[in-house]
Amino acid sequence: MKSLAIVFRHAPFGSTSGREGLDVAMLSASFEQQVSLIFTDEAVLHLLGGQTPEQAGAKDYLSALKALPLYDIETVLVCSDSLQQLGLNASELNIEAEVVGADMITKTLQAVDEVLVF
């Protein structure tokens, strides 16, 4: 089984990269690839509750994050430094995710067969 890490780095509504990354994650997982998601930088904003993408003229793909367990995507990592820089904490995250440091993110990236960055 091939393992894949998808790194999200950009804010949710500035571009379509977040939606495209999530589509790739779910599609890959549906073909029985082991998928890990990593949220760093402004991408941690994807995980905050109470967002209304429609008001920004975007489709609501963020609600699909709650379906990750249905696709057997169990590894969701959030960069602790990024949360701190944005003044956020783990209790504000809308889905179950593990808040980790840069060393754990590095280990995860080194352990997978392929890395995609969105």
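A short tour of the structure in this document, coming up. If you're wondering where the values come from, they're calculated on a predicted model, not measured in any experiment.

Section: the overall build of the protein chain
- Helix and strand counts for the protein chain come out as three helices and five strands.
- Walking the protein chain from its N terminus toward its C terminus, one meets helices and strands in the order β-α-β-β-α-β-α-β.
- Compactness check: the protein chain gives a C-alpha radius of gyration of 13 Å against a globular reference of 13 Å for 118 residues, within 12% of the reference.
- Overall, the C-alpha framework of the protein chain stretches about 40 × 30 × 20 Å when taken along its three principal axes.
- Burial status across the protein chain gives 40% buried among its 118 residues.
- Put simply, of all contacts in the protein chain between residues at least 6 apart along the chain, 75% involve residues at least 24 apart.

Let's talk about the sheet that holds strand β2 (residues 34–39)
- Judged by pairing direction, the sheet is parallel, and its five strands sit side by side in the order β4-β3-β2-β1-β5 without closing on themselves. At either end of the open sheet lies a strand with only one pairing partner, and these are β4 (98–100) and β5 (114–117). Strand after strand, the sheet turns through a mean of 25° between neighbouring axes, direction not considered.
- Each of β1 (3–8), β2 and β5 touches helix α1 (residues 17–30); the most contacted strand, β1, lies at about 165° to it.
- Across the sheet, helix α3 (residues 102–111) touches β1, β2, β3 (75–79), β4 and β5, and the angle it forms with β2 is around 150°.

A closer look at the pattern of salt bridges
- With the rule as written, the count across this model stands at two salt bridges.
- Of the charged contacts in the structure, one is a salt bridge between Glu114 and Lys2, with a shortest N-O distance of 2.6 Å. Of this pair, Glu114 sits in strand β5 while Lys2 sits in the segment before β1, placing them 112 residues apart in sequence.
- According to the relative accessible area criterion, Glu114 is partly exposed, its value standing at 30%.
- Between Arg9 and Asp41 there is a salt bridge, and its shortest N-O distance comes to 2.8 Å. Of this pair, Arg9 sits in the loop between β1 and α1 while Asp41 sits in the loop between β2 and β3; the two residues are 32 residues apart in sequence, bridging distant segments of the chain.
- Residue Asp41 is classed as partly exposed on the basis of its relative accessible area of 29%.

Remarks on the environment of Thr108
- Topologically, Thr108 is positioned in helix α3.
- Assessed through its relative accessible area of 11%, Thr108 is described here as buried.
- Sequence spacing of Thr108 and Asp72 is 36 residues, and the spatial spacing of their C-alpha atoms is 17 Å.
- Filtering out sequence-adjacent residues up to four positions away, Thr108 remains in contact with Ser36, Ile38 and Leu77.

Observations concerning the nonpolar core
- Among the nonpolar cores identified, the biggest contains 27 residues, and Ile6, Val35, Leu37, Phe39, Leu65 and Leu68 are the most heavily contacted of them.
- Mapped onto this core, the elements with two or more residues apiece are β1, α1, β2 and β3.
- The leading source of residues in this core is α1, at four residues.
- Of all hydrophobic cores here, the second largest spans eight residues; its members include Leu77, Cys79, Val100 and Val112.

Calculation criteria
Residues numbered from 1 in each chain as written. Predicted model: local features only at pLDDT ≥ 70, side-chain atom pairs only at ≥ 80, totals over all residues. Heavy atoms only, no water. Helix = DSSP H or I, 4+ residues; strand = E, 2+ residues; numbered from the N terminus. Rg over C-alpha atoms; globule rule 2.2 N^0.38 Å. Buried < 20%, exposed > 50% of the residue type's maximum accessible area, 1.4 Å probe, protein only. Contact = heavy atoms within 4.5 Å. Pairing = 2+ DSSP bridges. Axes fitted to C-alpha atoms, helices over the stretch in contact; angles between N-to-C directions. Salt bridge = Lys/Arg side-chain N within 4 Å of Asp/Glu carboxyl O. Core = buried A, V, L, I, M, F, W, Y, C linked by side-chain atoms within 4.5 Å.

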